[in-house]
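# Architecture and fold: a report
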Amino acid sequence: TMFASTGFWIKSFAPALIASRKWVCVPTEEHIITFVLNGGTSNPINPIEVFEGDTIDEGSIPTNPTYTGHTFEGWSTSESTKNIVDLNTKIFDKDTTLFAWWSEDDVEITFNGNGGYFDNTSSKTSVNLTFKYGHTPTAPIPVRNPNDEYSYKFLGWDKPISEATTKEVYTAQWKEIKNVFHVTF
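Below or above, wherever it landed, is the structure these notes cover. (Residues numbered from 1 in each chain as written. Predicted model: local features only at pLDDT ≥ 70, side-chain atom pairs only at ≥ 80, totals over all residues. Heavy atoms only, no water.)

## Considerations on the packing of aromatic side chains
Under the definition given, this model contains eight aromatic pairs. With a centroid separation of 5.3 Å and an interplanar angle of 70°, the aromatic rings of phenylalanine 154 and tryptophan 157 are classed as edge-to-face. Its relative accessible area of 21% is what places phenylalanine 154 among the partly exposed residues. Put simply, the rings of Phe35, Tyr67, Phe72, Trp75 and Trp102 pair up and form one aromatic cluster. The lysine or arginine in question, lysine 90, covers the ring of phenylalanine 92, its NZ or CZ lying 5.7 Å from the ring centre. Residue placement shows arginine 144 over the ring face of tyrosine 152; its charged tip is 3.8 Å from the ring centre. (Phe/Tyr/Trp six-rings, centres within 6.5 Å; stacked < 30°, edge-to-face > 60°. Buried < 20%, exposed > 50% of the residue type's maximum accessible area, 1.4 Å probe, protein only. Lys NZ or Arg CZ within 6 Å of the ring centre and 35° of its normal.)

In structure tokens, the structure reads:
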């Protein structure tokens, strides 16, 4: 906001002191601020005009966008490097493109041994692992001790392992193999 010779504030002009020591109004340059959502969605964000050396008006700051499986961290001046700016205090001196910066949410995946285990002590019969949203989990392989009647072969999981998008439980599937004992006299 700048002072005009009539004594009221005019947003589109900046004061300049000239040799006669009088205030005159000098137009300031406007800059365009563009927002790139990087996969997110939002109410339409139109480019915002900001005057040289000014911040974005509070009412013009866009609402935070959303992106399933991600957390919005802020607006970055770089698409490839996290350089978050505070839109309430950032002074703009040129046209600027701001990029939505996201972090992937964590998703908990449980692998149930279904009689098998995941350690050497037979005590860990299921494991809870955390994976980033959208990544395909790497499944541990359980083992199952034989009993007097059967040995067990791990066949896989009860459903195909897919990208981690929600909390999921995978249950081990086993084939029972009848123990056969050969007695020789």
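Having seen it, we continue.
## Remarks on unusual backbone geometry
Not every positive phi belongs to a glycine, and asparagine 38 is a case in point at roughly 50°. Following the sequence through the fold, asparagine 38 ends up in the loop between β5 (30-36) and β6 (48-51). A relative accessible area of 26% means that asparagine 38 is categorised as partly exposed. Notably, asparagine 114 is not glycine yet its phi reads approximately 50°, a positive angle. Among the structural elements, asparagine 114 can be located in the loop between β10 (106-112) and β11 (126-132). (Helix = DSSP H or I, 4+ residues; strand = E, 2+ residues; numbered from the N terminus.)

## A word on the environment of glutamate 58
If you trace the backbone, glutamate 58 turns up in the loop between β6 and β7 (70-76). Here the alpha-carbon distance between glutamate 58 and leucine 87, two residues 29 residues apart in the chain, equals 8.5 Å.

## Section: the sheet that holds strand β12 (residues 150-157)
Strand order in the open sheet formed by four strands is β11-β10-β13-β12, and the pairing between neighbours is mixed. If you trace the sheet from one side to the other, it starts and ends with β11 and β12, each paired once. Taken over all neighbouring pairs, the strand axes of this sheet differ in orientation by 25° on average, direction set aside. In the sheet, β10 pairs with β11 via seven bridges, with the strands oriented antiparallel. When the sheet's bridge partners are listed, asparagine 112 is paired in β11 with serine 126. (Pairing = 2+ DSSP bridges. Axes fitted to C-alpha atoms, helices over the stretch in contact; angles between N-to-C directions.)

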